[in-house]
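# Per-entry structural report
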Amino acid sequence: MLSYQHAYHAGSLADVHKHAALAVILSRLCEKPKPLSYMETHAGRALYDLAAAEALKTGEAARGILRLLADGRIPPEHPYRQVIELVRSQYGANFYPGSPLIARTLLRPEDRVHLMELHPQEHAALRRAMHGRDVHIHRRDGYEGVLAIAPPTPRRGLVLIDPSFEIKTEYAQVADFVVALHRKWPQAVIMLWYPLLGAGLHEAMALNLGAAGLPDFLRREVRFDGVGERVGMFGSGLIMINTPYGVTPLIDADEALVY
Ligand SMILES: C[S@@+](CC[C@H](N)C(=O)[O-])C[C@H]1O[C@@H](n2cnc3c(N)ncnc32)[C@H](O)[C@@H]1O
């Protein structure tokens, strides 16, 4: 079942939470002059038009990144803001980068990118948005594909797991995947995004991962102002394994962006 399309949710408060943290972590990892592998299990299309019908229909970008930019809430030196400004200057003021484009913008020529996307249209759009000899795009199940490639060369690296959680069993599947991936590639920084929904299915997933003895484990959740627990997604969660030194205070400070 592939009915989810991120074009309806691009630039939402959940994207702000996830993408600001991703930009902070990648900037930190790129401070060392050693090459990196960057992988995504669920890449999406990488470039979103926030003036398109999908984005206008939900209004999530208007309540998310567009409001934050209009209010001047993201400091000019923040790597997330710098990527957004670069993408707007290249593609136009309506455009917003998904996680693969944020990563590619921050990574260096010696780094390697592996992106999994199963949906045929999203995969085709991803191919149009991302190119370069160092970018490998796969139309493949993200869990299976990343585990098959891990550990990649170079071994230093980051995996972003950003599922659409369309089926209830995906929470347990993700938790098992994180443990299996860590076993196969112990050096990987792993970053998992999840929604806070009234059904509370994220809670068991996060507790199980927290109890799994994974190194430098970080769990952070933000709630959206004025959104009750009974109206769909009321907040955004991040779990990190092998959290790089020094990023936790920056990620905590960025929680102020999600209001
Ligand atoms: C939440 S979106 C990704 C958004 C993107 N990471 C970003 O932040 O810009 C999830 C994507 O995963 C894709 N997808 C769903 N199930 C998948 C699977 N098993 N393997 C790979 N991609 C999948 C969907 O088509 C969708 O494009």
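As shown above, the structure is provided for reference.
The following paragraphs examine the structure supplied in this document. Given the structure is predicted, the values throughout are model-derived calculations rather than measurements.

Time to look at the overall build of the protein. Each helix and strand in the protein was counted, giving eleven helices and nine strands. Its C-alpha radius of gyration of 17 Å places the protein within 12% of the 18 Å reference for a compact globule of 259 residues. Structurally, the protein occupies a C-alpha span of about 40 × 40 × 40 Å along its principal axes. The buried share of the protein, reckoned over its 259 residues, is 42%.

The phi angle of most residues is negative, glycine excepted, and most peptide bonds adopt the trans form. Residue alanine 150 is joined to proline 151 through a cis peptide bond whose omega torsion reads -5 degrees. Tracing the backbone through its elements, the reader meets proline 151 in the loop between helix 8 (142–149) and strand 6 (157–161). For the bond from threonine 153 to proline 154, the omega torsion is -5 degrees, close enough to zero to count as cis. By secondary structure assignment, the location of proline 154 is in the loop between helix 8 and strand 6. In the Ramachandran plot, alanine 46 falls in the positive-phi region, its phi being about 80 degrees despite a non-glycine side chain.

A separate point is the site of the ligand. Taken together, 18 residues lie near the ligand, and His42, Gly44, Gly98, His119 and Gly142 sit nearest. For the shell around the ligand, the class distribution of residues is five nonpolar, eight polar and five charged.

The next thing to look at is the packing of helix 9 (residues 170–184) against helix 10 (residues 201–210). Axes are the key here: two packed helices are described by the angle between their axes and the distance separating the axes. Between helix 9 and helix 10, the shortest axis-to-axis distance is 9 Å and the interhelical angle comes to 15 degrees. Relative to helix 10, the element helix 9 is oriented roughly parallel. Where helix 9 crosses over helix 10, the handedness of that crossing is right-handed. Of helix 10, the residues touching helix 9 (which contributes Tyr171, Ala172, Val174, Ala175 and Val178) are Leu201, His202, Ala204, Met205, Asn208 and Leu209. Taken together, the residues of the contact of helix 9 with helix 10 break down into nine nonpolar, two polar and no charged.

Once that is clear, we can look at the environment of aspartate 141. Examined against the element boundaries, aspartate 141 turns out to sit in the loop between strand 5 (135–138) and helix 8. For aspartate 141, a count of 14 C-beta atoms within 10 Å gives the class partly exposed. Taking C-alpha positions, aspartate 141 is 7.5 Å from threonine 41, a pair spaced 100 residues apart along the chain.

In a beta sheet, neighbouring strands pair by backbone hydrogen bonds and run either parallel or antiparallel. Strand order in the open sheet formed by seven strands is 5-4-1-6-7-9-8, with mixed pairing between adjacent strands. Of all the strands in the sheet, just strand 5 and strand 8 (218–223) have a single pairing partner and so form its edges. The average undirected angle you get between the axes of adjacent strands in this sheet is 15 degrees. Here four bridges tie strand 1 (residues 37–40) to strand 4 (residues 112–116), and the two strands are oriented parallel to one another. Across the sheet, residue tyrosine 38 finds its bridge partner in strand 4, namely valine 113.

Counting through the fold element by element, glycine 198 comes out in the loop between strand 7 (189–197) and helix 10. The class of glycine 198 is exposed, set by 12 C-beta atoms lying within 10 Å. Glycine 198 sits 16 residues away from leucine 214 along the chain, and the two C-alpha atoms are 27 Å apart.

Turning next to the packing of helix 8 against helix 9. Interhelical geometry of helix 8 versus helix 9 gives an angle of 10 degrees and a closest axis separation of 10 Å. Classified by the angle their axes make, helix 8 and helix 9 are roughly parallel. Packed against helix 8, whose contacting residues are Tyr143, Val146 and Leu147, the element helix 9 presents Gln173, Phe177, Ala180, Leu181 and Lys184 at the interface. Taken together, the residues that form the contact of helix 8 with helix 9 break down as six nonpolar, one polar and one charged.

Time to look at the nonpolar core. Leu158, Ile190 and Met191 are the most contacted members of the largest nonpolar core, which totals 73 residues. Among the elements that take part in this core, helix 1 (residues 13–29) stands out by supplying eleven residues, more than any other. Leave out the neighbours within four places in its chain, and isoleucine 190 touches Val159, Ile161, Val178, Leu181, His182, Met240, Ile241 and Asn242.

With that settled, consider helix 5 (residues 79–91). Between its first and last C-alpha atoms helix 5 spans 18 Å; for 13 residues at 1.5 Å apiece the expected length is 18 Å, and the two agree. Those residues of helix 5 lying buried are Pro79, Tyr80, Val83, Ile84 and Val87. Each buried residue of helix 5 sits inside an arc of 140 degrees when the element is viewed along its axis, so together they form one side. Taken together, the buried residues of helix 5 touch helix 1, strand 3 (95–97) and helix 6 (99–106).

The rules we used
- Residues numbered from 1 in each chain as written.
- Predicted model: local features only at pLDDT ≥ 70, side-chain atom pairs only at ≥ 80, totals over all residues.
- Helix = DSSP H or I, 4+ residues; strand = E, 2+ residues; numbered from the N terminus.
- Rg over C-alpha atoms; globule rule 2.2 N^0.38 Å.
- Buried ≥ 20, exposed ≤ 12 C-beta atoms within 10 Å, placed from the backbone.
- Near = placed C-beta within 6 Å.
- Nonpolar A, V, L, I, M, F, W, Y, C, P; charged D, E, K, R; others polar.
- Axes fitted to C-alpha atoms, helices over the stretch in contact; angles between N-to-C directions.
- Parallel < 35°, antiparallel > 145°, perpendicular 65-115°, else oblique.
- Left-handed = near helix turned anticlockwise from the far one by under 90°.
- Contact = placed C-beta atoms within 7 Å.
- Pairing = 2+ DSSP bridges.
- Core = buried A, V, L, I, M, F, W, Y, C linked by C-beta atoms within 7 Å.
- Expected span 1.5 Å × (residues − 1).
- Arc of directions from axis to C-beta.

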